[in-house]
Amino acid sequence: MSTYPPASVTFVRGEGTQLWDDEDKRYLDFLGGLAVVALGHAHPVVADAICEQARTLVHVSNLFGTVPGRQVAAALDRLLGGGGQVFFSNSGAEANEAAIKLARRWGGYGKFGVVSAYGSFHGRTLATLHATGQPEKHEAFQPMPEGFRHVAWADLDALEGAIDPTVAAVLLEPVQGEGGVNMADAAYFQGVRRLCDERGLLLMFDEVQTGLGRTGRWFGHQHYGVQPDVVTMAKALGNGMPIGACWARAEVAAAFSPGDHATTYGVQPLATAAARAVLAVMEAEDAPGRATRAGAKLTEGLLALDAVTSVRGLGLLLAAELDGRDARAVAADALAAGLVVNGVTPTALRFAPPLLVSDDEIDEALTILEGVLS
Ligand code: PLP
């Protein structure tokens with residue numbers, strides 16, 4: 001169905017940060033499948049894990065136990081500081097759906113509301129679409145499910161004003177990804193945590209785009225010294241295999257009883273074996289450290305370009321503000337020149353390359369971009 005504009009390029013093969021199209025033209029992928037391919041395309045360890053699991057056991061349903069999911073849950077819990085439990089889904093939107101349902105179950109009768117920020121993006125299912133703070137995306141699909149309200153991003157007073165006894169949770173991205181790579185400071189997030197504690201609300205971080213090393217920490221909220229109640233993730237967890245996860249502190253997770261929530265494919269061994277391999281490689285390669293160093297180099301190179309007025313973001317989730325040029329047109333020209341990026345706003349380009357991107361690849365991407373901009 002025509003949910004995306006017609007594609008101008010068909011990719012057939014990838015390796016690390018490189019892609020090749022159906023005419024064997026080579027590209028550098030600085031979008032990483034929308035912040036998904038954190039270890040690069042066709043990573044051999046992940047590919048081997050998928051192949052081996054495909055020959056071993058792909059699916060048995062959640063009526064029975066399997067091994068890799070438990071190991072991935074334990075690893076995620078460790079990276080999040082411990083003391084939590086995980087529900088596996090197939091996507092970011094479904095991870096957020098799980099979080100929203102958990103908040104309602106935890107809140108109990110009459111306490112069901114979720115407050116999120118304008119400019120946020122939380123998914124395309126009806127509930128996560130309403131949580132998404134972009135009213136223009138709601139219009140065609142009214143009526144939206146009840147129980148969602150939006151407040152100005154990075155404005156603690158606005159958040160406080162939106163809280164009443166029907167609210168169960170606050171849902172925020174540590175950096176707004178789809179909304180334009182928009183930042184808020186530590187004081188804001190610490191204030192949100194305080195407010196949630198005072199009013200008895202869950203603080204839920206949507207780390208679908210920021211999670212698993214991309215920002216230079218395992219999770220974006222870890223930059224801000226706040227302890228979340230719920231964290232959702234997806235994208236990088238499977239390096240392209242569809243998998244998402246909703247982590248919650250054990251006391252919060254305890255609100256779910258058998259039968260409250262489910263999915264046929266969540267935690268199936270093929271996806272969780274891929275995720276297990278992804279996490280092992282990320283830890284071995286120090287993915288967050290790689291993102292920090294590569295992000296600093298990319299930022300410096302972008303700022304040296306005449307047409308770039310500023311760069312924002314963390315680690316390897318970056319946006320370069322252009323001097324008034326049409327970012328979508330620049331992204332199209334970059335694609336023709338062999339560099340994959342996207343226009344995240346009408347005036348800003350987004351960069352989310354694999355976290356293992358090399359210095360040479362960053363230099364090459366900057367040279368292509370310089371040529372396109374001049
Ligand atoms: N949340 C955030 C922050 C995202 O960036 C996205 C996708 O871009 C989603 C949720 C939705 O994830 P998915 O497309 O896997 O459903």
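Residues numbered from 1 in each chain as written. Predicted model: local features only at pLDDT ≥ 70, side-chain atom pairs only at ≥ 80, totals over all residues. Heavy atoms only, no water.

Thoughts on the site of the ligand
Part 1 of the argument: Neighbouring residues of the ligand: 13 residues in total, closest Gly92, Ala93, Asp206, Gln209 and Lys235.
Part 2 of the argument: In this structure, Gly92 approaches the ligand through a main-chain N or O atom, which is 2.8 Å from an oxygen atom.
Part 3 of the argument: Ala93 has a polar backbone atom sitting 2.8 Å from an oxygen atom of the ligand.
Part 4 of the argument: The fraction of the free accessible surface of the ligand (390 Å²) that becomes covered by protein chains is 81%.
Part 5 of the argument: Take the shell around the ligand: its biggest share by element is 3 residues, from helix 4 (residues 92–107). (Near = heavy atom within 4 Å. Polar contact = N/O pair within 3.5 Å; in protein donor to acceptor, adjacent residues only side chain to side chain. Areas by Shrake-Rupley, 256 points an atom, 1.4 Å probe, with all protein chains shown as cover. Helix = DSSP H or I, 4+ residues; strand = E, 2+ residues; numbered from the N terminus.)

Some points on the packing of aromatic side chains
The geometry of an aromatic ring pair comes down to the distance between the two centres and the angle between the two planes.
Part 1 of the argument: Scanning the entire structure with this criterion turns up 6 aromatic pairs.
Part 2 of the argument: Seen from their ring centres, Trp153 and Phe189 are 6.1 Å apart, and the 70° between their planes marks the pair as edge-to-face. Here Phe189 lies in helix 8 (residues 186–199) and Trp153 lies in the loop between strand 6 (148–151) and helix 7 (156–162), a separation of 36 residues in the sequence.
Part 3 of the argument: Of the residues examined, Trp153 reaches a relative accessible area of 16% and is grouped as buried.
Part 4 of the argument: Geometrically, the ring pair formed by Tyr188 and Phe189 is edge-to-face, given 5.3 Å between the ring centres and 65° between the ring planes.
Part 5 of the argument: Here Tyr188 falls in the buried class, since its relative accessible area comes to 5%.
Part 6 of the argument: For Phe189, a relative accessible area of 0% translates into the label buried.
Part 7 of the argument: Put simply, the rings of Trp153, Tyr188, Phe189, Phe205 and Tyr224 touch in pairs and so form one group of aromatic residues. (Phe/Tyr/Trp six-rings, centres within 6.5 Å; stacked < 30°, edge-to-face > 60°. Buried < 20%, exposed > 50% of the residue type's maximum accessible area, 1.4 Å probe, protein only.)

Brief notes about unusual backbone geometry
Part 1 of the argument: Here the residue pair Gln142 and Pro143 is connected by a cis peptide bond, since its omega of 0° sits within 30 degrees of zero.
Part 2 of the argument: Topologically, Pro143 is positioned in the loop between helix 6 (135–138) and strand 6.
Part 3 of the argument: Even without glycine at this site, Asn239 takes up a positive phi of about 50°.
Part 4 of the argument: Here Asn239 lies in the loop between strand 9 (230–233) and strand 10 (244–249).
Part 5 of the argument: Residue Asp286 is not a glycine yet carries a positive backbone phi of 50°.
Part 6 of the argument: Looking at where Asp286 falls in the secondary structure, it is placed in the loop between helix 10 (269–285) and helix 11 (287–303).
Part 7 of the argument: A relative accessible area of 38% means that Asp286 is categorised as partly exposed.

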